[in-house]
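Geometric and topological summary
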Number of protein chains: 2
Amino acid sequence: MASVTKRGPYAKTAARQREILDAAGEVFATHGYRAGSLKEIADRVGIDSSTILHHFANKSVLLQKVLEDRDTRSLGDAAPDAAAGAADIPAAFLRLARANERIPGIVVLYTLLAAESATPEHPSNEYFFLRYARVRAEFTAAFREMADAGLLRPGVEPEFAALSTLALWDGLQVQWMHDSDAIDIVGTLRGQLELLTTVELDEEETG
Amino acid sequence: MASVTKRGPYAKTAARQREILDAAGEVFATHGYRAGSLKEIADRVGIDSSTILHHFANKSVLLQKVLEDRDTRSLGDAAPDAAAGAADIPAAFLRLARANERIPGIVVLYTLLAAESATPEHPSNEYFFLRYARVRAEFTAAFREMADAGLLRPGVEPEFAALSTLALWDGLQVQWMHDSDAIDIVGTLRGQLELLTTVELDEEETG
């Protein structure tokens, strides 16, 4: 807290923006972007809507900042272990799935906005179009590395492995949002990765 | 048109309700339930919002009727062929996926509402909770029939086959909404069914 005092208005601005981004993430995750109102976000922080517009030009800019902020914060320690190489890739996917269990609000935000943003006029339409293309390419590169190491099952193509893993994950999240007791995201992804690859996935080790 | 004239006000009421349900389906598929307004639905039909409320008690009743109406109309000729038995089940899934390609508006409506309705206060929250539980049970029964006929690959459990097929399908629809050129729903489902079962799926025959 000492640094907040020392840095004065700049630190206060950053702290206020942090509060607004957190509240906006919660409101958009609950109601979506279209029905989530600046008034509800402002109420949560205990400020006026006009104060939000002092920090963020409009509601669509605010949504964009929430998504960029979450992207930065959700990239973590789940990346494949370079030393372990291709054989570690399935376990790395499962580590990421387990890490997501600790941030359910972010998962809900993405799942809701991914569906809501599919119409061209939505402010995050391009963001999700590009995000899906990028993640498909990243997953495909990972499974291609596994194919080169002879770790995919016969007949499994890297593109199919990538798309099916990503789409299965998204679909599981929707059902999990409705019935978290019935849906085991990590366990189901493990089953899929066992179908796609020849790597043995220890349940103890991979959640 | 003769019967409309003959049956008088009852047929007129049915025709007006049909127009309202169709317009509401389009508006909810574009904006979701929360942001989709009665005013926009009324404008599409060319009536006042108050006329909608004459036919449907409120917006959440209207949504429920749209979903029930779509459920009735989307059940079609895609059911497994009883004579063909368990071996026809994968092809029946692919026929259903191809039938969905002809009703993209309904697919978009369900995909958006499935995500949006995951909060308890949404009027379709219970509908989607029950719908997912029912479809998982139906898919599990179908794959159990295949297991009994020795048509699942070694190690594949009916519950996993059901959940992975349903969740993959949902996830593919989200990506397809963003980039219909990049995502082949039928082809990817065929790949998944070839991983899960030993039934050969002819590309010509199954789309």
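Definitions and cut-offs
- Sequence order sets the numbering: in each chain, residues are counted from 1 along the sequence as written.
- To read the labels, note that chains go from A and ligands from 1, taken in the order they are written.
- Per-residue local features are limited, in this predicted model, to residues with pLDDT of at least 70; the limit for side-chain atom pairs, both in listing and counting, is 80 or more; totals at the level of whole chains, interfaces and linings are taken over all residues.
- To get the side-chain values, take all heavy atoms of the structure and skip hydrogens and water.
- Here, nonpolar core means buried Ala, Val, Leu, Ile, Met, Phe, Trp, Tyr and Cys residues that are tied together by side-chain atoms lying within 4.5 Å of each other.
- For every residue, the accessible area (1.4 Å probe, protein chains only) is compared with the maximum for its type, and the residue is labelled buried under 20%, exposed over 50%, or partly exposed between those bounds.
- Contacts: residue pairs with any heavy atoms within 4.5 Å of one another.
- Put simply, DSSP H or I for four residues or longer makes a helix, DSSP E for two residues or longer makes a strand, and each gets a number counted from the N terminus.
- Criterion for a salt bridge: a side-chain nitrogen of Lys or Arg within 4 Å of a carboxyl oxygen of Asp or Glu.
- Two aromatic rings from Phe, Tyr or Trp, using only the six-membered ring of Trp, form a pair when their centres are within 6.5 Å; if the ring planes differ by under 30 degrees the pair is stacked, by over 60 it is edge-to-face, and anything between is tilted.
- Each ring is checked for a lysine NZ or an arginine CZ that lies within 6 Å of its centre and within 35 degrees of its normal; such an atom marks a charge sitting over the ring.
- UniProt positions are given in the numbering used here, feature names are shortened, and annotations may be inferred rather than shown by experiment.
- Lines fitted to C-alpha atoms define the axes, with helix axes restricted to the stretch in contact, and inter-axis angles between N-to-C directions lie between 0 and 180 degrees.
- For classification purposes, an angle smaller than 35 degrees is called roughly parallel, one larger than 145 roughly antiparallel, one from 65 to 115 roughly perpendicular, and anything else oblique.
- Crossings are sorted by hand: turned counterclockwise from the far helix by less than a right angle, the near helix makes the crossing left-handed, and turned clockwise it makes it right-handed.
- Gly is put with the polar residues, along with every residue not named as nonpolar or charged; the nonpolar set is Ala, Val, Leu, Ile, Met, Phe, Trp, Tyr, Cys and Pro, and the charged set is Asp, Glu, Lys and Arg.
- A simple way to read buried area is as the amount of 1.4 Å-probe accessible surface that goes missing from two parts once joined, with both sides added.
- Definition of a polar contact: a pair of N or O atoms within 3.5 Å, with one able to donate and the other able to accept a hydrogen when the atoms are protein atoms, and with sequence-neighbouring residues admitted only if both atoms are side-chain atoms.

**Looking at the nonpolar core**
Residues Ile41 and Leu62 of chain A together with Ile41 and Leu62 of chain B are the most contacted members of the largest nonpolar core, which totals 126 residues. Beyond its immediate sequence surroundings of up to four residues, Ile41 of chain B is in contact with Ile20, Ala23, Ala24, Val27, Phe28, Ile52 and Leu62 of chain B.

**Topic: the side chain of His31 of chain A**
Structurally, the position occupied by His31 of chain A is in helix 2 (residues 9–35). Other than its neighbours up to four places away in sequence, His31 of chain A contacts Gly36, Glu40, Leu112 and Glu116 of chain A together with Arg34 and Glu121 of chain B.

**Describing the pattern of salt bridges**
Residues and elements named next belong to chain A. Scanning the model with the defined rule gives 22 salt bridges over all chains in all. One salt bridge in this structure joins Arg18 and Asp69, with 2.7 Å as the shortest N-O distance. Here Asp69 lies in helix 5 (residues 59–74) and Arg18 lies in helix 2, a separation of 51 residues in the sequence. Taking relative accessible area as the criterion, Arg18 reaches 30% and is therefore assigned partly exposed.

**Quick word on the packing of aromatic side chains**
With the rule as written, the count across this model stands at 14 aromatic pairs over all chains. Ring centres of Phe93 of chain A and Phe139 of chain A lie 4.6 Å apart, and the angle between their planes is 70°; on these two criteria the pair is classed as edge-to-face. One end of the pair, Phe93 of chain A, is in helix 6 (residues 89–101); the other, Phe139 of chain A, is in helix 8 (residues 125–148), and 46 residues separate them in sequence. For the pair shown, Phe93 of chain A and Phe139 of chain A are each scored as buried. Seen from their ring centres, Tyr127 of chain B and Phe128 of chain B are 5.2 Å apart, and the 85° between their planes marks the pair as edge-to-face. For the pair shown, Tyr127 of chain B and Phe128 of chain B are each scored as buried. Chaining the aromatic ring pairs together yields one cluster made of Phe93, Phe139, Phe143 and Trp169 of chain A. Lying across the ring of Tyr33 of chain A, Lys59 of chain A places its NZ or CZ 4.6 Å from the centre.

**Overview of the UniProt feature "DNA-binding region" (unreviewed entry) in chain A**
With numbering matched to this structure, UniProt assigns "DNA-binding region" (unreviewed entry) to residues 37–56 of chain A. Along residues 37–56 of chain A the backbone is 75% helical and 0% strand, and the end-to-end C-alpha distance reaches 14 Å.

**Remarks on the packing of helix 8 of chain A against helix 9 (residues 158–178) of chain A**
All names here are of chain A. Where helix 8 contacts helix 9, the axes come no closer than 8 Å and their chain directions differ by 130°. Between helix 8 and helix 9, the angle is such that the two are oblique. Crossing of helix 8 against helix 9: the hand is right-handed. On helix 9, the residues that touch Tyr132, Val135, Arg136, Phe139, Thr140, Phe143, Arg144 and Ala147 of helix 8 are Pro158, Glu159, Ala161, Ala162, Leu163, Thr165, Leu166, Trp169 and Asp170. When its residues are assigned to classes, the contact of helix 8 with helix 9 shows eleven nonpolar, two polar and four charged.

**Some details on the interface of chain B and chain A**
Contacts between the two partners involve 40 residues from chain B and, on the opposite side, 40 residues from chain A. Between chain B and chain A, the buried area comes to about 3400 Å², and carbon and sulfur atoms account for 68% of it. By the criterion of area lost to chain A, the three top residues of chain B are Gln175, His178 and Leu195 of chain B, representing 20% of everything that side buries. A salt bridge links Arg136 of chain A to Asp179 of chain B; the shortest N-O distance between them is 3.6 Å. Where chain B meets chain A, there are eight residue pairs in polar contact (both at pLDDT 80 or more). Counting only elements with at least two residues in the side of chain B that touches chain A, the list comes to helix 2 (9–35), helix 7 (104–116), helix 8 (125–148), helix 9 (158–178) and helix 10 (185–196) of chain B. No other element matches helix 9 of chain B, which puts 13 residues into the side of chain B that touches chain A. Across the side of chain B that touches chain A, the residue classes tally to 21 nonpolar, 13 polar and six charged.

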